[in-house]
Amino acid sequence: MNFFLERTNYFGVKSCWLDKNIAKIKRAKEIILQSIDNPPGLNELATKVEIPLKNLKTGFKQVYGNTVYGFLSEYKMTKASQMLSSKNYNVNEVALHLG
């Protein structure tokens, strides 16, 4: 992860802009997972975690290897697969649970 945290600017000085925002990006992921059936939009999410939208997008991709919506879609598909494989839920219940 240090690869993403340290960058060298034009003058050869390392900057850790992501390090300052990493807790906020992790909080954004928590918010998404807590409201999986009706997640906030990107602007609302950025406001909730008090980070500029551009930093949220860039940082999220660097930390989690996917865009915010890509992460959300992948999570929902994985969770849906688990729920259906358990045979405890039907398709309608999964759809209602995951949105």
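What you are looking at is a predicted structure, and each value in this text was computed from that prediction instead of being measured.

Rules and cut-offs
- For every chain, the first residue of the written sequence is number 1, and numbering continues from 1 onward in sequence order.
- In keeping with the model being predicted, local features are shown solely for residues with a pLDDT of at least 70 and side-chain atom pairs are shown and tallied solely at 80 or more, while totals for entire chains, interfaces and linings include all residues.
- For the side-chain quantities, the full set of heavy atoms in the structure was used; hydrogens and water were omitted.
- Side-chain atoms alone can form a polar contact between residues adjacent in sequence; in general such a contact is a pair of N or O atoms within 3.5 Å, and within protein one must be able to donate a hydrogen while the other accepts it.
- Numbering of helices and strands runs from the N terminus, with a helix taken as a DSSP run of H or I at least four residues long and a strand as a DSSP run of E at least two residues long.
- Only one rule defines a salt bridge in this text: a Lys or Arg side-chain nitrogen within 4 Å of an Asp or Glu carboxyl oxygen.
- Under the scheme applied here, a residue whose accessible area is under 20% of the maximum for its type counts as buried, over 50% as exposed, and between as partly exposed, the area being computed with a 1.4 Å probe on protein chains only.
- The pairing test for Phe, Tyr and Trp rings, Trp by its six-membered ring, is centres within 6.5 Å, and the orientation test on the planes gives stacked under 30 degrees, edge-to-face over 60, and tilted for anything in between.
- Two residues qualify as a contact provided that any one of their heavy atoms is within 4.5 Å of a heavy atom in the partner residue.
- As used here, the term nonpolar core means buried Ala, Val, Leu, Ile, Met, Phe, Trp, Tyr and Cys residues forming a set that is joined through side-chain atoms within 4.5 Å.

Enquirer: Let's hear about helix α6 (residues 91–98): which residues, and what values?
Expert: For α6, the capping residue at the N-terminal end is Asn-90, with a side-chain oxygen 2.9 Å from the backbone nitrogen of Asn-92. Directly beyond the C-terminal end of α6, a positive phi value near 80 degrees is found at Gly-99.

Enquirer: So what about the environment of Asp-19? Which residues, and what values?
Expert: Mapping Asp-19 onto the fold places it in helix α2 (residues 17–34). Between the alpha carbons of Asp-19 and Gly-59 there is a distance of 9.4 Å; along the sequence they are 40 residues apart.

Enquirer: Requested: an account of the pattern of salt bridges, with residues and values cited.
Expert: Counted under the stated rule, the structure contains 2 salt bridges. Between Glu-30 and Arg-27 there is a salt bridge; the shortest N-O distance is 3.2 Å. With Glu-30 and Arg-27 both in helix α2 and 3 residues apart, the pair spans about one turn of that helix. For Glu-30, a relative accessible area of 41% gives the class partly exposed. Here Lys-48 ties to Glu-44 by a salt bridge, and the two come within 3.5 Å at their closest N and O atoms. Residue Lys-48 and its partner Glu-44 are both found in helix α3 (residues 42–48); the two are separated by 4 residues, about one turn of the helix.

Enquirer: Before we move on, can you summarise the packing of aromatic side chains with the specific residues and values?
Expert: A full pass over the atoms with the stated rule returns 4 aromatic pairs. Judged by centre distance (6.4 Å) and plane angle (25 degrees), the ring pair of Phe-71 and Tyr-75 falls under stacked. Taken together, the positions of Phe-71 and Tyr-75, both in helix α5 (residues 68–85) and 4 residues apart, correspond to about one turn of that helix. Three or more aromatic residues joined by ring pairs form one cluster here, namely Phe-60, Tyr-64, Phe-71 and Tyr-75.

Enquirer: Tell me about the environment of Ile-51, and please be specific about residues and values.
Expert: Inspection of the secondary structure puts Ile-51 in the loop between α3 and α4 (53–64). On a C-alpha basis, the gap between Ile-51 and Asn-21 in space is 7.4 Å, while along the polypeptide they are 30 residues apart. Ignoring any residue separated from it by four or fewer positions in sequence, one finds Ile-51 in contact with Asn-21, Lys-24, Ile-25, Ala-46 and Leu-56.

Enquirer: I'd like to hear about the nonpolar core, residue by residue, with values.
Expert: In globular proteins that are soluble, nonpolar side chains generally tend to be buried together. Grouped together as the largest cluster of nonpolar side chains are 21 residues, with contacts concentrated most on Ile-32, Leu-45, Leu-56, Phe-60, Val-68 and Leu-98. Counting residues per element, the ones that place at least two in this core are α2, α3, α4, α5 and α6. Ignoring anything within four residues of it in the chain, the contact list for Leu-45 reads Ala-28, Ile-31, Ile-32, Pro-40, Leu-56 and Val-68.

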